[in-house]
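Structure at a glance
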Amino acid sequence: MIIKSNLNKKRKIFLIIIALFIIFSLIALNTYANVTDEVYLVTIKGTIDLGLSSYVQRALEEAVSRKAKAVILEIDTFGGRVDAATQIRDKIIGLNIPSVAYIKNRAWSAGALIALSAEYILIDKSASIGAAEPRPADEKNISALRAEFASTALSRRRSEEIAAAMVDKDIEIEGIIEKDKILTLNAEQAIKLNFVDGTASKIEEVLDFLNLKDAKIVYIYPNWAENISRFVTNPVVSSLLLSIGFLGLIIEFWTLGWGIAGSIGIISLSLFFGGHIIVGLAGFETIILFAIGLLLLLAEVFLIPGFGLAGIGGIAAILASIFLTFGNIVQATYSILIALGVSVIGFFLLIKYIPSTRTWRKFILSTEQKKELGYTVGTKDLQRLTGKEGIAITPLRPSGIVEVNGKKLNALTRGEYVDSNTKIKIISVEGNKIVVETINVS
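As the structure is a computational prediction, the values presented were derived from the model and not from experiment. (Residues numbered from 1 in each chain as written. Predicted model: local features only at pLDDT ≥ 70, side-chain atom pairs only at ≥ 80, totals over all residues. Heavy atoms only, no water.)

1. Observations regarding the environment of Lys-408
With respect to the element layout, Lys-408 can be found in strand E11 (residues 407-412). Lys-408 sits in the exposed class, given a relative accessible area of 61%. Sequence separation of Lys-408 and Gly-390 is 18 residues, and the distance between their C-alpha atoms is 9.7 Å. In contact with Lys-408, other than residues within four places in its own chain, are Ile-401, Val-402 and Glu-403. (Helix = DSSP H or I, 4+ residues; strand = E, 2+ residues; numbered from the N terminus. Buried < 20%, exposed > 50% of the residue type's maximum accessible area, 1.4 Å probe, protein only. Contact = heavy atoms within 4.5 Å.)

Structure below.
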């Protein structure tokens, strides 16, 4: 009797397990049957930079991992950085799923290279592709980019000659482009030359072309880090950040101590390096090199009198870190020269014009404290010190501390730098402001 009861219990458990298995199988089959094919839409818009490259590569990797049916690259750009475009090009060429470049308005310069790397190209009737002459247009850059365009076109069974003519104005194709002109094709020309695969005026038409009319479109957007890096790695913004950074450091070397200008300079340079690290162009070794350079400069300002090996080493380390961050000597040279030029000009403009502005006068005491008005100075008759000689205790940049007649006084020069332990002479006293100059020792 007990044995029969145990058998019945086992049968019931077995039937429950079978029932649960059937239920879960039906749910799984139903879920699988309702799965919609996914097509990833990646937008390539605005200036092509390293931040955009990071975003596109991330989106393509996600499309592959999610087993998307295809990737649509919606392109609308005047161009941008060639190194960023080649990174995107290499990623698209290596995809194992179909890719379509949908030229919404224009695919010029670096944007044309990205379009050529896709398996298919569809173009809006009002769009164009081409205009890819590099800057600077020297033989080295033209040769490299021409080869990149030609090989990319060949890999997608498109005309190498037409692709090369978009880069090199020395290429002449009868009936298509004359010599000394850069090729740009409108939609009608591109279709006629079989350089693109068709036209489309909206995404739905692109899906029809792929025979994925009912596919679900997955939109991938840049994240906050990619947006920030896109902004700070923009060529114009990069140069501006370097200019502000250099200007802040120049002001700090000119004045005694550390203040707002130096802090703004450090923040600007931190944004510059941080943006390039996010996109993978620079590593943390550049930050370490920059930090070493900055510490050497701070030591030069606060610890070591004059300007010597520490200052030179600090400047060299900072410049080296910037060169490594750009990864391109030509571009780094141009950016550094522009930044230095802007900062030096900005510095002299600040010295010349800011002291006379209304805002600046709010921060300083412009009233002359005359004896006739009842004012007295902290020491007995500083006017008597005019013409007296002494020695600079600290560097004057242009302000600092001097010693005259055994007394330490705050003084400043008329703008020139004076090293410590240099003999000086007081040339004028205005209120509490003591102006000095160096004594030429013959």
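Alright, that's what it looks like, and here's the rest.
2. Here's the deal with the packing of helix H3 (residues 82-93) against helix H4 (residues 110-117)
Where H3 contacts H4, the two axes come as close as 9 Å, and the packing angle between them is 5°. Accordingly, the angle class assigned to the pair H3 and H4 is roughly parallel. Contact residues: H3 offers Ala-85, Thr-86, Ile-88, Arg-89, Ile-92 and Ile-93, while H4 offers Ala-110, Leu-113, Ile-114 and Ser-117. Among the residues forming the contact of H3 with H4, the class breakdown is seven nonpolar, two polar and one charged. (Axes fitted to C-alpha atoms, helices over the stretch in contact; angles between N-to-C directions. Parallel < 35°, antiparallel > 145°, perpendicular 65-115°, else oblique. Nonpolar A, V, L, I, M, F, W, Y, C, P; charged D, E, K, R; others polar.)

3. So, the confidence of the model for the chain
Predicted coordinates in regions of low pLDDT should not be interpreted in detail. On average, residues of the chain score 80 in pLDDT, and 77% of them are at 70 or above. Overall, residues 31-35 carries pLDDT values under 50, and its contacts beyond four positions in sequence, including any with other chains, amount to zero contacts. (pLDDT = per-residue confidence, 0-100.)

4. Some details on the packing of H4 against helix H5 (residues 139-155)
Between two packed helices, both the angle of their axes relative to each other and the distance between the axes serve to describe the pair. Where H4 contacts H5, the axes come no closer than 8 Å and their chain directions differ by 25°. Taken together, H4 and H5 sit at an angle that is classed as roughly parallel. In terms of crossing hand, the pair formed by H4 and H5 is left-handed. Residues Ala-112, Leu-113, Leu-116 and Ser-117 of H4 lie in contact with H5, whose contacting residues are Glu-148, Phe-149 and Thr-152. (Left-handed = near helix turned anticlockwise from the far one by under 90°.)

5. Observations concerning the environment of Leu-289
The residue Leu-289 is located in helix H12 (residues 284-302) in this model. Take Leu-289: its relative accessible area is 25%, and that puts it in the partly exposed class. Along the sequence, Leu-289 and Ala-317 sit 28 residues apart, while their C-alpha atoms lie 5.9 Å from each other. If we ignore the near neighbours within four places in the chain, the residues touching Leu-289 are Ala-317, Ala-320, Ser-321 and Leu-324.

6. Observations regarding the side chain of Ser-128
For Ser-128, the position within the fold is in strand E5 (residues 128-130). Residue classification places Ser-128 among the buried positions, given a relative accessible area of 14%. When near neighbours in sequence (up to four residues on either side) are disregarded, Ser-128 contacts Ile-103, Asn-105, Arg-106, Ala-107, Trp-108, Ile-123, Thr-184, Leu-185 and Asn-186.

7. Quick word on unusual backbone geometry
In this structure, Asn-405 takes a positive phi of about 55° despite not being glycine. Along the chain, Asn-405 falls in the loop between strand E10 (399-404) and E11. In this structure, Asn-421 takes a positive phi of about 65° despite not being glycine. The exposure class assigned to Asn-421 is exposed, which follows from its relative accessible area of 61%.

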